[in-house]
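# Observations on chain architecture
Residues per chain are reported as follows:
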Amino acid sequence: MNPILVENKNGIAVLTINRPEALNALNQEVFDALDEFFEEGYKAFESLLGVVITGNGEKAFVAGADIKKFLELDESSGSELSKRGQEILFKMEAFHLPVIAAVNGFALGGGCELAMACHIRIASANAKFGQPEVNLGLIPGYGGTQRLVQLVGKGKAFELLLTGDMIDANEAHRIGLVNQVVEAGQALEAALKMVEKIASKGPKACQVIIDGMNLYFKDRDRYFYESAEFGRLMASDEGKEGATAFIEKRKPQFRK
Ligand code: CAA
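Residues numbered from 1 in each chain as written. Predicted model: local features only at pLDDT ≥ 70, side-chain atom pairs only at ≥ 80, totals over all residues. Heavy atoms only, no water.

### A closer look at the nonpolar core
Within the largest apolar cluster, 57 residues are counted, with the highest numbers of intra-cluster contacts made by L34, F38, V51, I53, F129 and L177. For this core, the element with the most residues is helix α1 (residues 28-39), which contributes six residues. Of all hydrophobic cores here, the second largest spans 16 residues; its members include A190, M194, V195 and C206. (Core = buried A, V, L, I, M, F, W, Y, C linked by side-chain atoms within 4.5 Å. Buried < 20%, exposed > 50% of the residue type's maximum accessible area, 1.4 Å probe, protein only. Helix = DSSP H or I, 4+ residues; strand = E, 2+ residues; numbered from the N terminus.)

Structure, rendered in C-alpha cells:
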C-alpha cells in the first residue's frame, strides 16, 4: 500500500496520508514519501498551483507519530526520528507554493504538527486537535513546542501541551489553530478552493510572502532542543512506560 496517495486535481497536488488502519499515524515510509514529493515528486506536475494534505478515511487526518515503533528507540534513534520529521516539515513549510491542510478528523501529536507546518489549515466540523504526548511521558517531536505558540499564543500553548487535552474544530478555530471550519466531509473541497483563490494572485508575490514569513520564525536552535529532549525522554522510564501503556491499552503509571 502506498504510504501517501498523490493525485492531480486541476493542477493542485492532493497528498493523502494512507494508513487508515493506524489512523494514518506517521511512520518512516510516510515521511520518505513526503520527502520525495517535496524534493522531486512535485516536478512531475505541469504548472503546479499548490498542495493540499489530508488523511485517508473519515476518522483521522493523522493520529500522531507511530507509537508502536517507540519501544524500539533509544536516545539517539529517538532524537533522529524527531530531527528527520522536523527537517521534512521545514521543507514543506518552505515550499514555494501554498500548502494547505484539509483536516478531516483526528489531528493529534505529529498530526497536529504536520497541520501546523502547513501554511493554512481548514478543518471539518468533526476534526479534533491536540498534543497528547505528555500522556505518553513525551513531548512533541516535530516542532510542536515551537509552532503551537506561534499560532495560539503562550497561555493556550502551555495548556494544550501540559494537559494533552483534545479540542474540537470550533475551539481550534476560536484560538487561531485553524483558519476555517467547514461541514464534515467538506475540508478537501474548501482547501482546493483556497489554493485556487491564491493561484489567481501574483505568484512571485505569494512566494516572497512564504519566504518572508518563514524568515520571521527561522531560529532552528529551539527545534534542536526539542529533538534532543524528545530522544532523552523516549529512552527514559517515563517514555517507555507511556508507549507500553498505549500498546497495552491501559493508563500509564508515571509516579510509583
Ligand atoms: N500510532 C500507532 N497506532 C495508532 C496511533 C498512533 N499514533 N493512533 C491510533 N493507532 C492505532 C490504534 O492502536 C488502533 O490499532 P489496533 O486496532 O491495532 O488496536 C487503531 O489505530 C485505531 O485506534 P483506536 O482503536 O485507538 O481508535 P479510538 O477511536 O478508540 O481512539 C484515538 C482514537 C483517540 C485517536 C486514539 O487512537 C489515540 O489516542 N491515538 C494516539 C494519539 C497520540 O497519542 N498521538 C501522539 C503520538 S506521539 C507523537 O506524535 C510524537 C511526536 O510528536 C513525534
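From this point, the discussion proceeds with the structure in view.
### Section: the sheet that holds strand β1 (residues 4-9)
Taken in spatial order, the six strands line up as β1-β2-β3-β5-β7-β10 in an open sheet, and their pairing is mixed. Looking at which strands have only one partner, the edges of the open sheet turn out to be β1 and β10 (180-182). Looking at each pair of strands side by side, their axes are set apart by 20° on average, direction ignored. As paired strands, strand β5 (residues 99-103) and strand β7 (residues 120-124) are joined by four bridges and run parallel to one another. Bridge pairing in β7 places A101 opposite R121. (Pairing = 2+ DSSP bridges. Axes fitted to C-alpha atoms, helices over the stretch in contact; angles between N-to-C directions.)

### Some points on the layout of surface pockets
Space inside the largest pocket adds up to approximately 890 Å³. Considering the residues around the largest pocket, the lining is formed by 37 residues, among which A63, I67, L108, L136 and F246 are closest to the centre. Every element with two or more residues in the lining of the largest pocket is listed here: β6 (106-108), α3 (110-117) and α10 (237-247). Residue contributions to the lining of the largest pocket peak at four residues, all from α10. Of the residues that constitute the lining of the largest pocket, the class distribution is 20 nonpolar, eight polar and nine charged. Quantified by volume, the second largest pocket comes out at close to 470 Å³. Around the second largest pocket, the lining comprises 18 residues; the ones closest to its centre are C118, H119, I120, I210 and M213. (1 Å grid on protein atoms, 1.4 Å probe; cavity = no way out; pocket = protein on both sides within 12 Å on 5 of 7 lines; lining within 4 Å. Points joined across faces, edges and corners; volume = space filled by probe spheres on them. Nonpolar A, V, L, I, M, F, W, Y, C, P; charged D, E, K, R; others polar.)

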